[in-house]
Amino acid sequence: RLLLEIRGLLGEKELLLTEVHHRIINNMASISSLLSIQADMSDSESTKEALTAAKNRTYAMMDLYDRLYRQSEYDSLSIKDYLTSMVSELRAAYNSDGTVRIDLDIDDIILTTRQLFPLGIIINELVTNAFKYAFAGIEHPMIILSLHKQSDGSLAIIISDNGSGIKDDERRVGGFGLVLVATLIKQIGGTYTVSPDRGTRYTITIPGEKK
């Protein structure tokens with residue numbers, strides 16, 4: 001009898017988790033759709049751009065949440081699988097003709113949600129910026145994204161492009177997106193530098209997760 005009660009409780013818990021998951025996904029999808037509609041209705045290019053960026057951030061979080069739900073462990077995921085999928089989605093959104101070459105060099109490591117969510121938003125912002133602003137007049141545009149685990153457990157992340165360079169495009173040195181990037185890096189105890197390297201190069205270091 002006790003075993004049956006335990007099975008019943010587990011079944012109820014699984015049903016509740018499934019219901020909560022669907023409600024969260026549906027709510028986030030509704031927010032994303034509303035942002036998309038508002039962007040389409042706006043006559044201001046700057047407003048349209050801001051709303052589209054907000055929609056993409058929402059989608060990135062929704063995608064990660066959905067991936068976590070489908071894992072046996074709800075609080076962790078392969079960063080390689082997640083970022084590979086994210087970059088593919090961004091390429092489809094901003095570079096459907098495939099003119100931008102993308103090189104990924106990402107360690108296949110498991111991270112928890114404490115780092116997955118902020119890292120997802122950070123990398124989404126920086127790769128999106130490169131697609132949108134870096135490559136006017138560039139013959140062979142390229143984005144490189146690398147993420148490696150260091151011997152001390154920290155994460156070393158580099159996002160670089162061979163575009164026009166950060167000094168040549170004022171939109172890439174300010175605005176909400178990069179303020180958000182700086183805030184999130186600080187929030188998880190990381191540091192970053194930005195440098196011209198035949199384009200723009202972001203070097204980010206994130207401390208390892210404590211057990």
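Heads up: the structure comes first, above all this text.
Just so you know, these numbers come straight off a predicted model, no measurement behind them.

Describe the side chain of serine 160, with residues and values.
Among the secondary structure elements, serine 160 is positioned in strand 5 (residues 155–161). For serine 160, the contacting residues outside a window of four places in its chain are Met142, Ile143, Ile144, Thr200 and Arg201.

Go over the pairing of strand 4 (residues 142–149) with me, naming the residues and quoting the values.
For strand 2 (residues 101–106) and strand 4, the ladder comprises six bridges, and the chain directions are parallel. Paired with aspartate 103 across the two strands is isoleucine 144, which belongs to strand 4. Here seven bridges tie strand 4 to strand 5, and the two strands are oriented antiparallel to one another. Pairing of lysine 149 across the sheet is with leucine 155, part of strand 5.

So, the sheet that holds strand 5: which residues are in play, and what are the values?
One open sheet accounts for five strands, arranged 2-4-5-7-6; its pairing is mixed. The open sheet has two free edges, formed respectively by strand 2 and strand 6 (191–195), since each of these has just one partner strand. Neighbouring strand axes in the sheet, compared pairwise and without regard to direction, differ in orientation by 5 degrees on average. Strand contacts of helix 3 (residues 79–94): strand 2 and strand 4, with the helix running at about 170 degrees to strand 2, the strand carrying the most contacts.

Rules of the game
- Residues numbered from 1 in each chain as written.
- Predicted model: local features only at pLDDT ≥ 70, side-chain atom pairs only at ≥ 80, totals over all residues.
- Heavy atoms only, no water.
- Helix = DSSP H or I, 4+ residues; strand = E, 2+ residues; numbered from the N terminus.
- Contact = heavy atoms within 4.5 Å.
- Pairing = 2+ DSSP bridges.
- Axes fitted to C-alpha atoms, helices over the stretch in contact; angles between N-to-C directions.

Fair warning: the whole summary comes from geometry, so function is off the table for now.
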